[in-house]
Amino acid sequence: MLGWIVRGIRSGIVTTRYPRRPDAMPGYRGRPVLHPGRCRMADLRAAAEVCPTGAITANEGHARLDLSLCIQCGRCADAVANGSITMAPDFEVAVRDRRALVVDVVSERNGDGPAELPSSDHASPTIEPVRKMLGERMATLKRSLHIRHVDAGSDGSEEYEIHALTNPYYDIHRLGIFFTATPRHADVLMVTGPVTRPMELALRATYDAMPDPRIVIAVGTSACSGGIFGSSYATLGGVDKVLPVDIYVPGSPPSPFALLHALLLATDRVAQRLLHQVVRVPS
Amino acid sequence: MSATAVLFTAALLLYALGALAGWLLPGRDAERRVSFALAALGSILLIPAGLLAVGGATFSYAVANWSGFGLAGFRMDQLAGFFVFLSGLVGTAISVYSPAYLGRYGQRYSLRAMGAFFNLLLLTVMVILVADNAFLFLVAWEAMSVAMYLLIVYEYDRPEVSNAAYLVLSITKVAAATLIAAFLLLFATTGDFSFATFHIHGPQIPPAIRSAIFVLVLIGFGAKVAMVPLHVWLPEGYPAAPSNITAALAGIVLNTGFYGLYRVYFDFLGDPPSWWGILVLLIGAITALTGIVYGLTQDDLKRFVAYSSIEHVGIMLIGLGVALLGAANHLPLLVGAGLIASTFHLFQHAISKALLFTGAGDLEVGAGTTDMGKLGGLSKTMPWTAAVFLVGSLSLAAMPPFGGFASEWLTFEVLMQGFRLGTVSERIAMALAGALLALTAGLAVLGFVKVVGITFLGIGRSQQADTARDPSRSMLIPGTFLAALALAAGVGAPWLVSFLGLAVAQQAGGNFAGDVVVWPNLALQPAFGDFSSASPTELAVALPIFFGVAIALILRLRARDYRERAVPVWTSGSLEYGPDVTYTPMAYSNPMRVIFATFYRFSRSTSAVGNPHFPTSLEYRSEVVLLVERHLYQPLTRLVLATSAVFRRLQAGYLSLYLLYLLLVLIAILAAYSAIVH
Amino acid sequence: MGVVFDATLPEESYRSVQPGALLDAVQELHQTGARLATVVGEDRGHALAVMFAFWQAEGITALEIELPRDEPVYPAVTPSLHAAQWYERELHDLFGIVPEGHPWLKRLALHPDWPAGLHPLRDNFDGREQPAKNPNGRWDRVRVEAEGAFEIPYGPVRSGVFESAQFVVETGGEDILHLNLHMFYKHRGIEKLFHEAPIEQGVSLAEHVSGPDLIAHSTAYCQAVERAMGMAVPERASAIRSLSQELERIYNHLDVVVRECEAASLIVAQAQFAMLKERILRLNALLSGSRFLRGVNCVGGVRRDLVDDARRALLAELKAFEPTFRDRRAALLGTNSFIDRIVATARLPYDTAVAFGAVGPVARGSGVSVDVRSDHPYAAYPGLSLEPITYHDCDAMARVQVRLDEIEESIRLIRHLAESLPEGPLVAPANGSTPAPGHAFGWAESAKGEVVYWVRITPDGRVSRCKVRSASFANWPLFDIASVGTVLTDFGFSEHSFGLSQAACDV
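Cut-offs used in this document
Residues numbered from 1 in each chain as written. Chains lettered and ligands numbered in written order. Predicted model: local features only at pLDDT ≥ 70, side-chain atom pairs only at ≥ 80, totals over all residues. Heavy atoms only, no water. Helix = DSSP H or I, 4+ residues; strand = E, 2+ residues; numbered from the N terminus. Rg over C-alpha atoms; globule rule 2.2 N^0.38 Å. Contact = heavy atoms within 4.5 Å. Buried area = accessible area lost by both parts, 1.4 Å probe. Salt bridge = Lys/Arg side-chain N within 4 Å of Asp/Glu carboxyl O. Core = buried A, V, L, I, M, F, W, Y, C linked by side-chain atoms within 4.5 Å. Buried < 20%, exposed > 50% of the residue type's maximum accessible area, 1.4 Å probe, protein only. 1 Å grid on protein atoms, 1.4 Å probe; cavity = no way out; pocket = protein on both sides within 12 Å on 5 of 7 lines; lining within 4 Å. Points joined across faces, edges and corners; volume = space filled by probe spheres on them. Nonpolar A, V, L, I, M, F, W, Y, C, P; charged D, E, K, R; others polar. Polar contact = N/O pair within 3.5 Å; in protein donor to acceptor, adjacent residues only side chain to side chain. Pairing = 2+ DSSP bridges. Axes fitted to C-alpha atoms, helices over the stretch in contact; angles between N-to-C directions. Disulfide = S-S within 2.5 Å. Patch = residues over 30% accessible without salt bridge, like charges linked within 9 Å, V, L, I, M, F, W, Y side chains within 5 Å. Areas by Shrake-Rupley, 256 points an atom, 1.4 Å probe, with all protein chains shown as cover. Lys, Arg positive; Asp, Glu negative; His and termini not counted. Charge placed at Lys NZ, Arg CZ, Asp CG, Glu CD. Phe/Tyr/Trp six-rings, centres within 6.5 Å; stacked < 30°, edge-to-face > 60°. Lys NZ or Arg CZ within 6 Å of the ring centre and 35° of its normal. Right-handed = clockwise from strand over helix to strand, strands pointing away.

**Considering the overall build of chain B**
Helix and strand counts for chain B come out as 28 helices and six strands. A compact globule built from 678 residues should have a C-alpha radius of gyration of about 26 Å, and chain B, at 26 Å, falls within 12% of that. Structurally, chain B occupies a C-alpha span of about 95 × 70 × 60 Å along its principal axes. Long-range contacts, defined here as pairs at least 24 residues apart, represent 78% of the contacts in chain B between residues at least 6 apart.

Have a look at this one:
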């Protein structure tokens, strides 16, 4: 036992300083980013051809990049030659509402006024009231959170990343966050996977067994939207088909830093970075 | 005649009347109620009688004068008064309890007989407690045994009941034989059958014979209190009897054994050598451990409570052993402390055990069974019974602020005084007994958690459990009365100890209650002032205050909009919750069986039904061996049966042969008599 | 009947048999020492087909039967070949094929609330349909008939961060008498998603079968497609594939050790091994952009190159990693409180492992020498002359030791492959304008054991059928057998010594 203690001390401190200072993650393929200066609608159409989940869709006048469907494969960046779409090592991708993960791209018509976006509001839905409601709910829990995790059909990599939160690099205990086995003691429900048919009732039972206030975090692209599985005979197409989701964290899987961002966002200790955008590009 | 004598004699007469009431009155209900009403009335009278006697108003009067056996009378001193008082309390409760309980038998068995024998039992116990003549004592003892047998075998047409009763009777017979031998030895060495003579001349008996008497009495009365290895009758006999009788057996009849031990060891035999104390101490510790260890393997509630009796008997014997060691070392404080601890434990055990057995009776009436594997969730369907049973369990598991805590604490404390004793072997014995008692206490908590948890908490494991109901008030009120007494024994421990100090003053050589009770703090200490003390009285006040403060804080600090939402039990999302996935009583104590596997000779086997690689179901068998039964009684039984088989040849069946045997024996006796006399 | 396939590829041979003659043919193959690789069901329109594939010295031999759609019944293989037990139950649920005589033909892939008569992998079932649940569906399980025995349903939501599965433990209180496994809570219908998917989409699907094994799955898939289409993978790509596979093996094996330390409450050891695992995951991100090496494989080769800077960083990291790992490993094997928990726990005898078709470290810990990297080498393995690492104690300790030794071996392999990386293209040149239709097996040795894929490609470059057989699917049935006789507190140690994935099994 002494030997282990000595080894532990000699290993030094490897814990990240996040949220005070994020670590660099060289090479990490975080999320696709559009560069409006270099991007044309044709690029987006090329990207849409190769996207396996339909995260990028494009037609004549309008394209959409929906991060809640992105599995970080990077094919879109490979499909465009001019660097109009790149994969940025960005991990602060957690959001309170799913619409914030969407970038709508509108084709500029020469000289015309701004084109209409098909079937969606111009302004993002009210972020502030959502934030306030969540903040109020979480007011008493800022410094201590207990998490109950439910695997509703993930591919197993999200569990690796969630479990990694307890390793010395991330150490969520220093933030006052702990895992609990019983939903009766839990404040946060982290759900991974698109919610398979057999797990629906078990997931609901877990949610019901949690006392208020409670929040639900959909972890991973499959949980946010169904991902590559979508809605089928075996999967329901995302956690928000079953439970009210408070925080979405896309990624396949989201890195532990993204998970930390999500947990701290839930307790209003960090800010949300992504917002719904509308971008204009030449066709 | 003094008031005490009047009250006591009136009680005896009421019992006698109650015994006959069945035949004097017509009508079934009438005889049930009247005989038990008379028993209740008699018991009520015993309470002040006992109190007065302990207070000093003793009495004695002659009853008969037999040539050859001497003068016989009733003599109630302080010790007898204590036992009478206790029997009065328990007897009242059980007498009120019985009529409603016996309703479950309908017309199947004779209620007249039950009422008669119940009164007879109480009557004979009273005579035992006040007899001052050995012959009277033995006659009453035999009568009590007969009454006990007749009551245990009440449901005579069930084979397990008649077998159990037969076992009880056999061991009682063996015990009686040793008692007769002991009293005959006393007679032979003191010249009289009178207890007063024993008291005066007993200490002058030669040591060898005194030791023989000690051993014989230990066996005789030890069998009565179910001391190891003579305990085998209790786990069979107690569950076989109807629950109200079991309550009487545990709360009244068992005490007569201890009365006998206290009387003979401290009044008749004078200063003991230290090996007496060591023997009693170790036997007590082993008894306690054996009782609880086997009790844990029981699935039936009544059997577990019966084994628990054996455990508590062990604790009382430990107290007695400490007192004997104190006497051997001329430490009067230790004698007093030991006797007070032993009688305190006896008092609270009688109350709590009677309480538990009436609780078992409530379960039989309300839920139809005492098999824990079929019960569960009864705290919702039988709340009153659950509350009452919980109090009894807490007291027997030695939880503050109940009486059981105070008495077991005191027993531990006097055990720790081993360092004051003279020889190494005495100290080792005390330490060993302490260690075994500590183990026992822990296991007792386990056992009672199992019993209360599986029977009353969780969900019902069968139809019977789901449709259970509280029985009638006349069954629950006596239980509540006993529960209040159990609590009072703890909270009022200082006063109870004062009472006990008076009761055993003659045996201890003084009233040591003043040393055991620390009056300013209302605390108890093991007679020696420099050791330690605890106050159940203060705990009874402090604990509720702490809980109250905690609850008030919680109520104060919780959120204003506090809504309750009821959701199903959490079963890891499996959505299955039913009796199949709850712990069974056997499974709960399985870890015990595994840990003590050598002691239990625990064995288990699983076999597959169907294709061994793809079984359709599995069969599982596990076995626990009762060591004493297997290794002592079974060989003994075989020996006896073998010997009897040999002697059967003498029984040819011819009357003339038997007459010849009688003639030969008569000639032999006459010859022997004449040889001895001349 | 008749031979359906038009071409046979080297290392694969197909033999059509009549359903009545199937058992004898299986028996015959079994006598020659062949080992069951996978069982593939397929809807061919005019009939339902089942292929029993066996490993032989020279490759895979498949026995194939065709059954009429309205009465797809055949004599079950399981009674004589126990390794086939779950495959036949899966065929029954997903295709409606009836293996007559199967000793335990209960629901497996589809839960009891799935209505009877609907079979998702049949072509006439629309994959988007969501039939209503049957409220009367109940699990059939093996019960213990005994007074005092009861069951503990553990799962699907388990106590900790675990994948979902249900274990119904039949227990007498402390000992496990029997373990009923209810898997397939994570059945996502991936095989149905493969149907009509473009082959490049298939790579993403294969990567999502099991995230921690995604290199093995995507490699097996790509190899199956490449063989079916006759593509030759460039050497550099093969080397990168194998290198990635070994990185994946290391972090998976480290995860097993982390979990075992967690079960033993050896917090510092857990943290130390978790740190080692995190270093590998960050190394993966540096080399490929993904902590789990997502996006490395593509049909025909790899999409990510190992440039010189990255190569040097890799070798430097390994140089620092190896001595630390060796030191922690030695410390762990010297920690008696830990060793006590896993020695003699969860015994899986050699004969049972062979009879039930164990693969991977589970098999190798019981002395069964199987490893497709050496038995049927692929990618860059042919030149590397690997020997399977086996231990003979058959307990959890053996399985952990197999993994610790394999980490050492993987470090050695990565170093060798990185130092001798061949030059050349990353992707095979496209052969002609339209890909040739075909079908083939593909395989890879994941950290958990061998993964076997079978694909059929249509003329227009789509997948018409892809059968996924993960190592976990083969090994989970043995977990029940190994757990019998252990106690409840050993459960965590047994489970993690198997180190299996529910996602991979459930597909």
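**Observations regarding the interface of chain A and chain B**
On the side of chain B, eight residues touch chain A, which itself brings 13 residues to the contact. Buried area between chain A and chain B, both sides added, is near 750 Å², and the carbon and sulfur share of it is 55%. By the criterion of area lost to chain B, the three top residues of chain A are Arg184, Asp208 and Asp212 of chain A, representing 42% of everything that side buries. Linking chain A with chain B are zero salt bridges, by the criterion used here.

**Structural notes on the nonpolar core**
Residues Phe8 and Tyr265 of chain B are the most contacted members of the largest nonpolar core, which totals 210 residues. Those residues in contact with Tyr265 of chain B that sit more than four places away from it in its chain are Phe214, Val217, Leu218, Gly270, Leu320 and Leu324 of chain B. Ranked by size, the runner-up nonpolar core spans 103 residues in total, among them Ile228 of chain A together with Ala206, Ala239 and Ile250 of chain C.

**Observations concerning empty space enclosed by the protein**
Empty space left among the atoms is revealed by rolling a probe the size of a water molecule over them. Within the structure shown, the criterion is met by 11 cavities of 30 Å³ or more. Estimated volume of the largest cavity: approximately 350 Å³. Considering the residues around the largest cavity, the lining is formed by 24 residues, among which Glu163, Asp255, Arg259, Gly499 and Leu500 of chain C are closest to the centre. At the level of elements, helix H5 (157-164) of chain A together with helix H6 (235-263) and helix H15 (491-498) of chain C are the ones that each hand at least two residues to the lining of the largest cavity. Counting residues per element, the lining of the largest cavity draws most heavily on H6 of chain C, at five residues. Per-class residue counts for the lining of the largest cavity are eight nonpolar, eight polar and eight charged.

**A closer look at the interface of chain C and chain A**
At the junction of the two partners, chain C supplies 83 residues and chain A supplies 59 residues. Across the chain C to chain A interface the summed buried area is about 5600 Å²; carbon plus sulfur atoms make up 56%. For the pair chain C and chain A, the interface holds eight salt bridges. Of the charged contacts, one joins Glu200 of chain C and Arg75 of chain A as a salt bridge, the two residues approaching to 3.3 Å between their closest N and O atoms. There are 38 residue pairs in polar contact (both at pLDDT 80 or more) connecting chain C and chain A. Secondary structure elements with two or more residues in the side of chain C that touches chain A: helix H3 (190-194), helix H4 (199-207), H6, helix H7 (267-288) and helix H8 (308-333) of chain C. Counting residues per element, the side of chain C that touches chain A draws most heavily on H7 of chain C, which supplies 16 residues.

**Brief notes about the sheet that holds strand E1 (residues 12-16) of chain C**
Residues and elements named next belong to chain C. Judged by pairing direction, the sheet is mixed, and its four strands sit side by side in the order E1-E4-E3-E2 without closing on themselves. Looking along the sheet, the strands with just one partner apiece sit at the ends: E1 and strand E2 (35-43). Strand after strand, the sheet turns through a mean of 20 degrees between neighbouring axes, direction not considered. Bridge count between strand E3 (residues 48-56) and strand E4 (residues 59-67): nine bridges; the pairing is antiparallel. Across the sheet, the residue bridging to Ala49 is Glu66, located in E4. Along the sheet, helix H2 (residues 85-95) contacts E2 and E3; its crossing angle with E2, the most-contacted strand, is approximately 10 degrees.

**Digging into the state of the cysteines**
One pass over the structure, following the stated rule, counts zero disulfides over all chains. No disulfide involves Cys51 of chain A; its sulfur sits 6.2 Å from the nearest other cysteine sulfur, which is in Cys73 of chain A.

**Points about the side chain of Ser589 of chain B**
Residue and element names in this part refer to chain B. Note on placement: Ser589 falls in the loop between helix H24 (585-588) and helix H25 (590-595). By relative accessible area, Ser589 is classed as buried at 2%. Among the polar contacts made by the side chain of Ser589, one reaches the side chain of Arg593 at a distance of 2.9 Å. Discounting residues that sit within four places of it in the chain, Ser589 has contacts with Leu296, Thr297 and Lys450.

**Here's the deal with a positive patch on the surface**
The grouping of Arg17, Arg20, Arg21 and Arg174 of chain A at the surface amounts to a positive patch. As for its position among the elements, Arg21 of chain A is in the loop between helix H1 (2-10) and strand E1 (31-34).

**Side note on the packing of aromatic side chains**
Tallied over the entire structure, the rule returns 79 aromatic pairs over all chains. Feature note: the residues Phe82, Phe83, Phe85, Phe258, Tyr259, Tyr262, Phe347 and Phe499 of chain B constitute an aromatic cluster, connected by ring pairs. Positioned above the aromatic ring of Trp4 of chain A is the side chain of Arg7 of chain A, whose terminal nitrogen or guanidinium carbon lies 5.7 Å from the ring centre. Above the face of the Phe473 of chain C ring, Lys467 of chain C is positioned so that its terminal group lies 5.6 Å from the ring centre.

**Considering the pattern of salt bridges**
Residue and element names in this part refer to chain C. This model, assessed by the stated rule, comprises 69 salt bridges over all chains. Across the pair Arg373 and Glu246 runs a salt bridge, and its minimum N-O distance is 3.1 Å. Of the two residues, Arg373 is situated in helix H12 (residues 372-375) and Glu246 in helix H6; the sequence distance between them amounts to 127 residues. In this structure Arg373 comes out as buried when scored by relative accessible area, which is 1%. Through salt bridges with shared partners, one network takes in Glu246, Arg249, Arg364, Asp371, Arg373, Glu406, Glu409, Arg412 and Glu445.

**Things to note about the pairing of strand E9 (residues 215-219) of chain A**
Residues and elements named next belong to chain A. Of all the five residues making up E9, five are buried; the element is thus mostly covered by neighbouring parts of the structure. Burial along E9 is two-sided: Ile215, Ile217 and Val219 facing one way and Val216 and Ala218 facing the other are all buried. Sheet topology places strand E8 (residues 188-192) next to E9; five bridges connect them, and they run parallel. Looking at the pairing, Leu189 lines up with Val216 of E9. With respect to chirality, the unit in which E8 leads through helix H6 (residues 199-208) into the neighbouring parallel E9 is right-handed. Of the strand pairs in this sheet, E9 and strand E10 (residues 247-249) are connected by three bridges, and their pairing is parallel. Considered in E10, the bridge of Val219 is made with Val249.

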